[in-house]
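Now for the letters of each chain:
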Amino acid sequence: MKSCLVVDDSRVVRKVARRIAEELGFSCEEAEDGQKAYESCQASMPDVIMLDWNMPVMSGIEFLEKLRQMENGDHPKVVFCTTENDMAHIQRAIMAGANEYIMKPFDRDIVESKFVQAGILEQTVS
Amino acid sequence: MKLQDFDVYKDLLMKKSGLVITQDKSYLLDSRLTPVAKKWNFANLDAMSVALRGIPDQGLVRDIVEAMTTNETSFFRDQKPFDQFKQTILPHMLKARASVRKVRVWCAASSSGQEPYSLSMLVKENQALMPGWSVEFLATDLSEDILAQARGGLYSQFEVQRGLPINLLMKYFRQEGEKWRISEDIRKMVKYETFNLLDPMTRLGKFDVIFCRNVLIYFDEPTKRRVLEGMAALLPPDGFLFLGGAETVFGITERFKPMENTRGVYILSGGAHDRAPASAVAQPVGR
């Protein structure tokens, strides 16, 4: 089973994201900020990371930059999930090595479609 | 809704758009036509059906047909057809149309434009393979309102997140307030025209590829046959037809057959891609 790390400082958002990821067939871990996410990746590198931008201690973009420096840190597909919805933020995230970008609010359809685009999921025939 | 009122809508939709609405889908009438009733100052659908029994306002009829036939869509919907267009259809056309360097594509129910724009972006992304080529998209729909929206190319945040990869959003869209507008470069590749699939098709000209996805499901069998055979007449022997995942030509027409190993892509029977051993049947044996 593929693994997904959900990184968000809101417990509610983590719960929603986790439920969607589990429905899509992933096992899930959670982290409430970039630092905790970094530690989680040191312990075990996930296949996918759903990443918030604004969090205390360490932001999503700082975490992403550190992650891509880690050994095997290019393995996870990183999908930003954030309320930051302007082109400048999107460009910065992609430059830093994000694979996809979701603007909140999101639903299962959007996550699924972005996972397919990022090559995380196979397209299901509808 | 009373049965005789349901029949008024059923008959009207069949006659005007070929749409088949069954009793179990009558909830669709309620959800989609209530706003129309409100707009035209009818208390409810029953009151509106009384007006439809007389000589109805053509504007009202158009609003009803549009409300019932406008369908949900998204960029790169189902993904596979777009992969096939890129991997199979474009390479074929690059060879077969090398002398004219021109390909015409018809999106036969383009709705708010996501399908033709997805194809245009795909062509743009592969432009290096086809210098000097012109790929024309004609996108048609029954609904004038939806085509106006398509021409504008302005989409909500929700719409640009469904099926559209972030790199294409960055490349081909500009933010306008809360919305996203597709670039002029892409918009000018697509020509939009109102068209009813029940009308004669020859005036649209010839096409190399036709996309007609998720439309036939709403038609009854004779209408499906008429539409498919009309389309067959617009395609060259090496043309392609794309249908939706739930649609087929089986039992409807023999003009098309499914292309081998590709879901949703159809070729002309006896055409350039048809490798069926028709000649083996035609050849005299045991001479």
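Everything below is about the structure printed above this text.
Predicted model, so just to flag it, every value in this text is computed and none were measured.

So, the environment of Ala 67 of chain B
Residues and elements named next belong to chain B.
Link 1 in the chain: On the secondary structure map, Ala 67 appears in helix H4 (residues 58–69).
Link 2 in the chain: Measuring from C-alpha to C-alpha, the distance between Ala 67 and Ser 49 comes to 15 Å, with 18 residues separating the pair along the chain.
Link 3 in the chain: Excluding its chain neighbours within four sequence positions, the residues that come into contact with Ala 67 are Arg 32, Leu 33 and Val 36.

So, the side chain of His 273 of chain B
Residues and elements named next belong to chain B.
Link 1 in the chain: By the element assignment, His 273 lies in the loop between strand E10 (265–268) and helix H12 (278–282).
Link 2 in the chain: Among the residues examined, His 273 registers a relative accessible area of 15% and is labelled buried.
Link 3 in the chain: Here the side chain of His 273 touches Asp 238 through a polar contact of 2.8 Å, landing on its backbone oxygen.
Link 4 in the chain: Once residues within four sequence positions are removed from consideration, His 273 is found in contact with His 92, Pro 237, Asp 238, Gly 239, Phe 240 and Ile 267.

Observations regarding the interface of chain A and chain B
Link 1 in the chain: Each partner contributes residues to the interface: chain A has 22 residues there, and chain B has 20 residues.
Link 2 in the chain: If you look at where chain A meets chain B, you find one salt bridge.
Link 3 in the chain: A salt bridge links Asp 109 of chain A to Arg 162 of chain B; the shortest N-O distance between them is 3.3 Å.
Link 4 in the chain: Along the contact surface separating chain A from chain B lie 11 residue pairs in polar contact (both at pLDDT 80 or more).
Link 5 in the chain: The element best represented in the side of chain A that touches chain B is helix H5 (residues 108–117) of chain A, accounting for five residues.
Link 6 in the chain: Broken down by class, the residue content of the side of chain A that touches chain B amounts to nine nonpolar, seven polar and six charged.

Section: the sheet that holds strand E5 (residues 100–103) of chain A
All names here are of chain A.
Link 1 in the chain: Ordered by their spatial adjacency, five strands build an open sheet running E2-E1-E3-E4-E5, and the pairing between neighbours is parallel. The open sheet is flanked by strand E2 (27–31) and E5, the only strands paired with a single partner. On average, each strand axis in the sheet is tilted by 20° relative to the strand beside it, whichever way the strands run.
Link 2 in the chain: When strand E3 (residues 48–51) meets strand E4 (residues 77–82), the two strands line up parallel, connected through four bridges. Paired with Leu 51 across the two strands is Phe 80, which belongs to E4.

Considering unusual backbone geometry
Link 1 in the chain: A cis amide bond links Lys 104 of chain A with the next residue in sequence, Pro 105 of chain A, at an omega value of 0°.
Link 2 in the chain: With respect to the helices and strands, the residue Pro 105 of chain A is situated in the loop between E5 and H5.
Link 3 in the chain: Of note, the phi angle at Val 57 of chain A is positive, near 70°, even though the residue is not glycine.
Link 4 in the chain: Residue position: Val 57 of chain A is located in the loop between E3 and helix H3 (60–69).
Link 5 in the chain: Classification of Val 57 of chain A as exposed rests on a relative accessible area of 69%.
Link 6 in the chain: The backbone phi angle of Ser 111 of chain B is positive, close to 50°, even though this residue is not glycine.
Link 7 in the chain: When you line up the elements, Ser 111 of chain B lands in the loop between strand E1 (102–107) and helix H6 (114–125).

Considerations on the nonpolar core
Residues and elements named next belong to chain B.
Link 1 in the chain: With 69 residues, the main nonpolar core has Phe 85, Met 121 and Phe 173 as its most contacted residues.
Link 2 in the chain: The residues touching Met 121, leaving out its near neighbours within four places in the chain, are Phe 75, Phe 76, Leu 164, Leu 168, Tyr 172, Phe 173, Ile 182 and Ile 186.
Link 3 in the chain: Membership of the second largest hydrophobic core comes to 26 residues, among which are Phe 195, Met 201, Val 215 and Tyr 266.

Re the sheet that holds strand E6 (residues 190–194) of chain B
Residue and element names in this part refer to chain B.
Link 1 in the chain: Taking strand neighbours across the sheet as the criterion, the seven strands line up as E6-E2-E1-E7-E8-E10-E9 in an open arrangement whose pairing is mixed. Every interior strand has two partners, whereas the edge strands, E6 and strand E9 (256–258), have only one. Each neighbouring strand pair of the sheet contributes to a mean axis angle of 25°, computed without reference to strand direction.
Link 2 in the chain: Pairing analysis gives three bridges linking E9 to E10, with the strands arranged antiparallel. Within the sheet, the bridge partner assigned to Lys 257 lies in E10 and is Ile 267.
Link 3 in the chain: Sheet contacts for helix H7 (residues 144–152): strand E2 (134–141) and E6; angle to E6, the most-contacted strand, approximately 165°.

As for the packing of helix H1 (residues 3–17) of chain B against helix H3 (residues 45–53) of chain B
All names here are of chain B.
Link 1 in the chain: Interaxial distance between H1 and H3 falls to 9 Å at its minimum, and their mutual angle equals 55°. Classified by the interaxial angle, the pair formed by H1 and H3 is oblique. The interaxial crossing formed by H1 with H3 has left-handed handedness. Contacts from Gln 4, Asp 5, Val 8, Tyr 9 and Leu 12 of H1 reach H3 at Leu 45, Asp 46, Met 48, Ser 49, Leu 52 and Arg 53.
Link 2 in the chain: A per-class count over the contact of H1 with H3 returns six nonpolar, two polar and three charged.

Rules of the game
Residues numbered from 1 in each chain as written. Chains lettered and ligands numbered in written order. Predicted model: local features only at pLDDT ≥ 70, side-chain atom pairs only at ≥ 80, totals over all residues. Heavy atoms only, no water. Helix = DSSP H or I, 4+ residues; strand = E, 2+ residues; numbered from the N terminus. Contact = heavy atoms within 4.5 Å. Buried < 20%, exposed > 50% of the residue type's maximum accessible area, 1.4 Å probe, protein only. Polar contact = N/O pair within 3.5 Å; in protein donor to acceptor, adjacent residues only side chain to side chain. Salt bridge = Lys/Arg side-chain N within 4 Å of Asp/Glu carboxyl O. Nonpolar A, V, L, I, M, F, W, Y, C, P; charged D, E, K, R; others polar. Pairing = 2+ DSSP bridges. Axes fitted to C-alpha atoms, helices over the stretch in contact; angles between N-to-C directions. Core = buried A, V, L, I, M, F, W, Y, C linked by side-chain atoms within 4.5 Å. Parallel < 35°, antiparallel > 145°, perpendicular 65-115°, else oblique. Left-handed = near helix turned anticlockwise from the far one by under 90°.

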